[in-house]
Amino acid sequence: MKEHVPFFFSKFLFSLTVIFLSACGGGGGGNSDTNGDSGIDNSGGGSGDVTFGEYDLTTYLFHQNLDLVGGKISYPVKLYSKGDGGDISPSIETVEEYEKTSEDTVVFHVSTSSEPENTFLIKDTTVQETVHVLDNQTRDFQRFVEVGTKYMDADAITAIGTQNASCTLIEHLDSFDLSTATGDYNLASGVYDDVLHVQCITGFVTNATVVPHTDIHHYFAKDVGLILNEGVMILLGEIYIIPQR
């Protein structure tokens, strides 16, 4: 049975979703960790050096429609409980849209706001994201990565305190079947080739220590973008978040 979420809560919930889930490729600012817990040196060595990696994140984060200036991609998003497969989406429909506005810039919009939520500036070795819902805070995250790379580890100042988000490329999958990804509930379908599995952990920063509250696994198909989020999120517990492509 679908739960109807009050309007004010759905807006707050979606704001949290943007902040926390965009951590996989954005959200927040500051404190870039160039040599994270993975033990892989991602620093690039200095100005002008190229950080090499087998996978270019921009070809996984963004749909191929965004290869050309003026290109767009949009889709509604649904949230489901992992406990019973029930739809826990906000009562107002949420549609996400990406648009390439110039050769190096992609803008992210959601249907709950008339203003852009995020802007991505694609550079040679990094991607700089401006998070407009967080007073235009910015940060760079690594563009070219290997399995095991922690490509982002950053703090952000939010309305509910300082948050830290770290993201690591867990594995590359030659093929990923969405019909088997949500257990017995069959909440999604489609087989995708060339998929990156990324884990992002977000937490409150207290006395220089991160206390996790959200742990989401993201799946990105090359030239398609996000196809599945699943994990534990503050206020919602264990969930699936699925783009309706």
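Per chain, residue numbering runs from 1 following the sequence as it is written. Residue-level local features of this predicted model are given only where pLDDT is at least 70; pairs of side-chain atoms are given and counted only at 80 or more, and the full residue set underlies all totals for whole chains, interfaces and linings. The side-chain values count all of the structure's non-hydrogen atoms but skip hydrogen atoms and water molecules.

(A) Seen up close, the side chain of His217. Every helix listed is a DSSP run of H or I at least four residues long, and every strand listed is a run of E at least two residues long, numbered separately from the N terminus. Within the secondary structure layout, His217 lies in strand S12 (residues 209–221). What makes His217 buried here is its relative accessible area of 19%. Polar contacts, as counted here, are pairs of nitrogen or oxygen atoms within 3.5 Å of one another; within protein the pair requires one atom able to donate a hydrogen and one able to accept it, and residues that are adjacent in sequence qualify only if both atoms are side-chain atoms. Engagement of the side chain of His217 in a polar contact is seen with the side chain of His197, the distance being 2.7 Å. Those residues in contact with His217 that sit more than four places away from it in its chain are His197, Val198, Gln199, Leu228, Asn229 and Glu230. Buried residues are those whose accessible area, probed at 1.4 Å on protein chains only, stays under 20% of the maximum for their type, while exposed residues exceed 50% and partly exposed ones sit between those limits. The contact rule is simple, with two residues in contact once any of their heavy atoms fall within 4.5 Å.

(B) Seen up close, the state of the cysteines. A pair of sulfur atoms, both from cysteines and within 2.5 Å, is called a disulfide here. Per the counting criterion, the structure on display carries one disulfide. At a sulfur-sulfur separation of 2.1 Å, the disulfide partner of Cys167 is Cys200. In this structure the cystine formed by Cys167 and Cys200 twists about its S-S bond by roughly 115 degrees; its chirality is therefore right-handed. Here Cys167 is found in strand S10 (residues 161–177), whereas its partner Cys200 is found in strand S11 (residues 191–206), with 33 residues between them in sequence. The same class applies to Cys167 and to Cys200, which are both buried.

(C) Examining the nonpolar core more closely. Phe62, Tyr98, Phe120, Phe141 and Tyr151 are the most contacted members of the largest nonpolar core, which totals 37 residues. The element contributing the most residues to this core is strand S2 (residues 72–81), with four residues. Residues Tyr80, Leu187, Ile227 and Leu228 belong to the second largest nonpolar core, which totals 16 residues. Nonpolar core, defined: a set of buried Ala, Val, Leu, Ile, Met, Phe, Trp, Tyr and Cys residues in which side-chain atoms within 4.5 Å join the residues together.

(D) Seen up close, unusual backbone geometry. The backbone phi angle of Asp135 is positive, close to 55 degrees, even though this residue is not glycine. Looking at the secondary structure, you find Asp135 in the loop between strand S6 (126–131) and strand S7 (137–142). The backbone of Ala208 sits at a positive phi, close to 65 degrees, despite the residue not being glycine. Position of Ala208 among the secondary structure elements: in the loop between S11 and S12.

(E) A look at the packing of aromatic side chains. Note on ring pairs: Phe, Tyr and Trp rings are taken, using the six-membered ring of Trp, and paired if centres are within 6.5 Å. Classes follow the plane angle, with under 30 degrees stacked, over 60 edge-to-face and the rest tilted. This model, assessed by the stated rule, comprises six aromatic pairs. Between Phe141 and Tyr151, the ring centres sit 6.1 Å apart and the planes meet at 50 degrees, which makes this aromatic pair tilted. Of this pair, Phe141 sits in strand S7 while Tyr151 sits in strand S9 (residues 150–158); the two residues are ten residues apart in sequence, bridging distant segments of the chain. The pair formed by Phe141 and Tyr151 is uniform in burial state, with each residue classed as buried. Members of the aromatic cluster, connected to one another through ring pairs, are Phe62, Tyr98, Phe108 and Phe120.

(F) Seen up close, the side chain of Lys100. In this fold, Lys100 is placed in strand S3 (residues 95–102). Within the structure, Lys100 has its side chain in polar contact with the backbone oxygen of Asp67 (distance 3.3 Å).

(G) Quick look at the pairing of strand S13 (residues 225–233). Extensive coverage of S13 is indicated by the burial of eight of its nine residues. Note on pairing: DSSP must find at least two bridges between two strands before they are called paired. Here seven bridges tie S12 to S13, and the two strands are oriented antiparallel to one another. Its bridge partner being in S13, Ala221 is matched across the sheet by Gly225. Linking S12 back to S13 in an antiparallel pair, the connection comprises three residues, with Asp223 at a positive phi of about 70 degrees.

(H) Structural context of the confidence of the model for the chain. A residue's pLDDT is simply how confident the predictor is in it, with values from 0 to 100. When pLDDT is averaged along the chain, the result is 82, and 78% of the positions lie at 70 or above. With pLDDT under 50 throughout, residues 25–50 is counted as low confidence; its partners more than four residues away or in other chains account for 61 contacts.

(I) Expanded view of the sheet that holds S12. With antiparallel pairing, the twelve strands of this open sheet are ordered in space as S7-S6-S5-S4-S3-S2-S14-S13-S12-S11-S10-S9. Strands with a single pairing partner mark the edges of an open sheet, and in this sheet they are S7 and S9. Neighbour to neighbour, the strand axes of the sheet diverge by 20 degrees on average, direction disregarded. As paired elements, strand S5 (residues 118–122) and S6 share five bridges and run antiparallel to each other. Counted as the bridge partner of Phe120 is Glu129 from S6. Axis angles are defined between N-to-C directions and span 0 to 180 degrees, where every axis is a line fitted to C-alpha atoms and, for a helix, only to the segment in contact.

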